[in-house]
Amino acid sequence: MSHLSERPEKPVVGVSMPHESAYQHVTGTALYTDDLVQRTKDVLHAYPVQVMKARGRITALRTEPALAVPGVVRVLTGADVPGVNDAGMKHDEPLFPDEVMFHGHAVAWVLGETLEAARIGAAAVEVDLEELPSLVTVREAMEAGSYHGARPLMVHGDVDAGFAESAHVFSGEFEFAGQEHFYLETHAALALVDENEQVFIQSSTQHPSETQEIVSHVLGVPSHEITVQCLRMGGGFGGKEMQPHGFAAVAALGAKLTGRPVRFRLNRTQDLTMSGKRHGFHASWKIGFDADGRIQALDATLTADGGWSLDLSEPVLARALCHIDNTYWIPNARVAGRIVKTNTVSNTAFRGFGGPQGMLVIEDILGRVAPQLGLDPMELRERNFYQPGQGQTTPYGQPVTQADRISAVWRQVLENGAIADRKREIAAFNAAHPHTKRAVAITGIKFGISFNLTAFNQGGALVLIYKDGSVLINHGGTEMGQGLHTKMMQVAATTLGIPLHKVRLAPTRTDKVPNTSATAASSGADLNGGAIKNACEQLRERLLQVAGSQLGSNASDVRIVEGVARALGSDKELAWDDLVRTAYFQRVQLSASGYYRTEGLHWDAKSFRGTPFKYFAYGAAATEVEVDGFTGAYRIRRVDIVHDVGESLSPMIDIGQVEGGFVQGAGWLTLEDLRWDTGDGPNRGRLLTQAASTYKLPSFSEMPEEFNVTLMENATEEGAVYGSKAVGEPPLMLAFSVREALRQAAAEFGPSGVSVDLASPATPEAVFWAIEAARQADEAEVSPNGHAPGGSAANGHAAGGKVPAGAEALSGA
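Let me begin by describing the structure that accompanies this report. On a predicted model such as this, the values are computed, not experimentally measured, just so you know. (Residues numbered from 1 in each chain as written. Predicted model: local features only at pLDDT ≥ 70, side-chain atom pairs only at ≥ 80, totals over all residues. Heavy atoms only, no water.)

1. A word on the overall build of the chain
When helices and strands are tallied, the chain shows 19 helices and 30 strands. Against the globule reference of 28 Å for 813 residues, the chain gives a C-alpha radius of gyration of 28 Å, in line with a compact fold. With respect to the principal axes defined by its C-alpha atoms, the chain has extents near 95 × 80 × 50 Å. Counting all 813 residues of the chain, 61% fall into the buried class. Within the chain, counting contacts between residues at least 6 apart in sequence, those at least 24 apart form 81% of the total. (Helix = DSSP H or I, 4+ residues; strand = E, 2+ residues; numbered from the N terminus. Rg over C-alpha atoms; globule rule 2.2 N^0.38 Å. Buried < 20%, exposed > 50% of the residue type's maximum accessible area, 1.4 Å probe, protein only. Contact = heavy atoms within 4.5 Å.)

Structure follows, in structure tokens:
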């Protein structure tokens, strides 16, 4: 076992415990960024001047009317920026734009003594606009040739030969929607300037170092004049990885110019209309299978909706391409990627970061073509799994390690969920109920862990031991409710060999741990845990030397367990507090800076080849649904999940992450329906789903009636901190099983073997139309015209199935 993954005697990691801030969360005493305003004197409030047009060139901006409003102190415009007027890492996001690029784009910010004064002042600012043509949808942008950013191409094997050898070839298109983060806490920042012109920013950000960097650029000062702190976030999900930077810069600029603290907080409507979402995608595809239903070739183009600026669209697209294979061996693949530029908010990171979009494409394909191949969807999926010991690699060239876990979690779900028995029960139920149908579907996941950009795979920490034996840890990761801080405290306590109550964690800030990566890519525990372990090991080695001299033993024979140092083969012992005090008087350094870099990574973005991921996380989920044939309404009856988190650092935290990720994924795939005004009227480009009243989020009523989550046992991950695996993002993709169960239930309303095309999100309305298509297929069976469902003629049937709308079954070559 590797040094990094080996656990000592009586570790604190692996013990189920509540979130370190759980008590504060439920009692309302946990402080968030905006709560600090009440503790700050003479705060000014920032309010945006939004232009409610999808696109236009600003011809005049008059701020004088706002300055006449009582309580308005200043209006911030582009002329006030001393540094670079840009809030993005790609320099394509002007903080104060000359051109409005989406409906609700902020062009100036008003600072007021009260929020109400700032709001009235913002309404008074006069903006003259020369309206320009806009592109709101992905298809509009594709037709207009509106693209930006890189166009990666992933090629593996001989695709043309693969199709030539295929017995069955299918092609089709698939367009699916994005998703709103809808974190409980909207974007917020509080900036102060001290007597030395140092800027201190409290920000709800997943990436304090990058917030620091952007503010530095905007203010035109070096980074050491900027300190960013993140106490905690009320949710982030990726939405606070890149997007907080500009908002923090507005607050910092206001504070710098007025000398007063400036508070920035978006209300819910502003947050929804101004911040980016998960990228919606369009996919066109062609896939070939042999006579046994094994994939021979895939040719696909994935088009991501980037919105008005690039943000993180390029790495999101790259990860989508890297995950289009999911758990399936594709010997020959050619997958192209591109990003459309639309006049909507700039889409950004969201839990899974493109992985869900890529994986959804292959899962949708298999769900659609399984009936055409005459196979049960479970069987088709299982036949195409990566197999251990075969030397198989992903389409981008990374060997698939632990491929046996794909089948292992799948089999465990089949067993835990009693799937064979329940399928018989479901068949009997469906035969007896013509207007209500049930179905159960299983899907698996293989998700790569690490940032695609190798340089980001590093973490830092600072660990301090005080003379009384108490320990304070700082690390570069941020807490957004996911339990990272809890795990890091457990890692520190385990490495030092002390009880958890001895360890306290300080808020994340850039003057303690510099140059950190975002808390993203599910890498927070791996990177920061490795850094904390490194710092604590340095301290422990120093203390073991002291303990050895006190106990009359070699340092290598001393163990610190549960706060007591003991020498092997001796009854002598030394309490932790006494050991620390002795070390201090011996002038032993009691602080250490830790560092960790993920080894074994390589990525060539141009050739789209390499080993970008440290390891893969695996999982499988079975979902049973019941669908009403009259309305398309449905309920999730039962979910069974088996998920691979390695050897868990904190089991209760991890189970919560699996449950939460699954529900959020189910929301994206079945409920959350982003809508924009795509007409040519005055509100073109306006987000129509601006509140929880119009944007449906998962609630208690959508929770499974029975929800079983099991963590895979005996799953230690070599080369990861204490044998654990990442858990933040992978479980979201387990929700594919919900969508596939809905597809199968809709098919039950039609003839045997009907293929169903299901929209995403699969809202009750979408399910109803899928049911109607299945029913029409039933009618087509007895119709003399010979047309396939959806009105498209088939050029040849594969294994006796029907051709889904938008897909074509071609005769085998």
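2. Observations regarding the pairing of strand S5 (residues 105-112)
Within a regular strand, side chains alternate between the sheet's two faces. Buried residues dominate S5, accounting for eight of its eight residues. Relative to S5, strand S1 (residues 44-51) is paired through seven bridges, and the arrangement is antiparallel. Of the residues in S5, the one forming a bridge with Val49 is Ala108. Sheet analysis places strand S3 (residues 72-76) next to S5, joined by four bridges and oriented antiparallel. Its bridge partner lying in S5, Val75 is registered against Val110. (Pairing = 2+ DSSP bridges.)

3. Some remarks on the packing of helix H10 (residues 355-369) against helix H18 (residues 736-747)
At a minimum axis separation of 11 Å, H10 and H18 run at an interaxial angle of 25°. Between H10 and H18, the crossing angle belongs to the class labelled roughly parallel. As for the relative orientation of H10 and H18, their crossing is right-handed in sense. Contact residues: Pro356, Met359, Leu360, Glu363, Asp364, Gly367 and Arg368 in H10; Phe736, Arg739, Glu740 and Arg743 in H18. (Axes fitted to C-alpha atoms, helices over the stretch in contact; angles between N-to-C directions. Parallel < 35°, antiparallel > 145°, perpendicular 65-115°, else oblique. Left-handed = near helix turned anticlockwise from the far one by under 90°.)

4. Quick word on the nonpolar core
As a rule of thumb, nonpolar side chains are buried together in soluble globular proteins. Ranked by size, the top nonpolar core spans 110 residues in total, and within it Ile287, Phe289, Leu302, Val627, Ile641, Phe662 and Leu742 carry the most contacts. What Val627 contacts, discounting residues up to four positions off in sequence, is His435, Thr436, Lys437, Gly632, Ala633, Tyr634, Leu742, Ala745, Phe749, Val767 and Ile771. Counting residues in hydrophobic clusters, the runner-up holds 51 residues, among them Ile498, Val503, Ala525 and Val546. (Core = buried A, V, L, I, M, F, W, Y, C linked by side-chain atoms within 4.5 Å.)

5. Things to note about the pairing of strand S14 (residues 295-307)
Where burial is concerned, most of S14 is hidden: eleven out of the 13 residues are buried. Sheet topology places strand S13 (residues 281-289) next to S14; nine bridges connect them, and they run antiparallel. Residue pairing across strands places Trp285 opposite Ala300, the latter belonging to S14. Between S13 and S14, which pair antiparallel in sequence order, lie five residues; one of them, Gly293, sits at a positive phi of approximately 85°. Judged from the nine bridges that link them, S14 and strand S15 (residues 333-341) form a sheet pairing that is parallel. Among the inter-strand pairings, Leu302 is bridged to a residue of S15, identified as Gly337. In this view, the connection linking S14 to its parallel neighbour S15 by way of helix H9 (residues 313-322) has right-handed handedness. (Right-handed = clockwise from strand over helix to strand, strands pointing away.)

6. Considerations on the pattern of salt bridges
Counting across every chain of the model gives 58 salt bridges. Between Asp34 and Arg265 there is a salt bridge, with its nearest N and O atoms 3.1 Å apart. A residue pair is termed long-range when its members are at least 10 positions apart, and Asp34 in the loop between helix H1 (22-27) and S1 and Arg265 in strand S12 (residues 262-265) qualify at 231 residues. On the accessibility criterion, Asp34 (19% relative accessible area) is buried. Relative accessible area serves as the criterion here: at 32%, Arg265 is assigned to the partly exposed category. Residue Glu599 is joined to Arg597 by a salt bridge in which the shortest nitrogen-to-oxygen separation is 3.4 Å. In this structure, a network of salt bridges that share partners links the residues Glu363, Asp364, Arg368, Arg381, Arg739, Glu740, Arg743 and Asp757. (Salt bridge = Lys/Arg side-chain N within 4 Å of Asp/Glu carboxyl O.)

7. Quick look at the packing of aromatic side chains
In total, this model carries 20 aromatic pairs according to the counting rule given. Judged by centre distance (5.6 Å) and plane angle (85°), the ring pair of Phe451 and Phe456 falls under edge-to-face. Judged by relative accessible area, which is 36%, Phe456 ranks as partly exposed. Between Phe662 and Phe707, the aromatic rings sit 5.5 Å apart at their centres with planes inclined by 55°, giving tilted as the arrangement. (Phe/Tyr/Trp six-rings, centres within 6.5 Å; stacked < 30°, edge-to-face > 60°.)

8. A few points about the environment of Leu551
Along the chain, Leu551 falls in helix H15 (residues 524-551). Placed 410 residues apart in sequence, Leu551 and Ala141 show a C-alpha to C-alpha distance of 73 Å. With residues up to four places along the chain from it excluded, the contact list for Leu551 reads Val558, Ala565, Arg566, Ala567, Lys572, Glu573 and Leu574.

9. With respect to the environment of Lys572
Among the structural elements, Lys572 can be located in the loop between strand S22 (564-567) and strand S23 (573-575). Put simply, Lys572 and Ala621 are 49 residues apart on the chain and 52 Å apart in space, counted from C-alpha to C-alpha. If sequence neighbours within four positions are ignored, Lys572 has contacts with Leu551, Ala565, Arg566 and Ala567.

10. Quick look at the side chain of Ser134
Tracing the backbone shows Ser134 in the loop between strand S6 (126-131) and helix H4 (138-144). There is a polar contact of 2.9 Å between the side chain of Ser134 and the side chain of Arg684. Not counting residues within four places of it along the chain, the set of residues in contact with Ser134 comprises Ala54, Arg55, Glu140, Asn343 and Arg684. (Polar contact = N/O pair within 3.5 Å; in protein donor to acceptor, adjacent residues only side chain to side chain.)

11. Let's talk about H10
Counted at 1.5 Å a residue, the expected span for H10 with its 15 residues is 21 Å, and the 22 Å between its end C-alpha atoms agrees. The buried count for H10 comes to 15 of 15 residues, which makes it a mostly enclosed element. (Expected span 1.5 Å × (residues − 1).)

12. Details of the sheet that holds strand S21 (residues 558-561)
The strand order across the open sheet built from three strands is S21-S22-S23, with neighbouring strands paired in antiparallel fashion. The sheet terminates laterally at S21 and S23, the two strands that pair on one side only. The average undirected angle you get between the axes of adjacent strands in this sheet is 20°. Pairing geometry for S21 and S22, over four bridges, is antiparallel. Among the inter-strand pairings, Arg559 is bridged to a residue of S22, identified as Arg566. Lying over the sheet, helix H16 (residues 576-585) contacts S21, S22 and S23, oriented at roughly 80° with respect to S23.

13. Side note on the sheet that holds strand S2 (residues 56-62)
Strands in a sheet are paired, the pairing made by backbone hydrogen bonds, and the direction either parallel or antiparallel. One open sheet holds the three strands; their spatial order is S4-S2-S6, and the pairing between them is antiparallel. Because the sheet does not close on itself, it has two edges, and the strands there are strand S4 (99-100) and S6.

14. Considerations on helix H7 (residues 244-258)
Between its terminal C-alpha atoms H7 stretches 21 Å, which fits the 21 Å expected from 15 residues at 1.5 Å a residue. Where burial is concerned, most of H7 is hidden: twelve out of the 15 residues are buried. Among the residues of H7, those classed as buried are Pro244, His245, Gly246, Phe247, Ala248, Ala249, Val250, Ala251, Ala252, Leu253, Gly254 and Ala255. Backbone geometry just after H7 places Gly259 at a positive phi near 75°.

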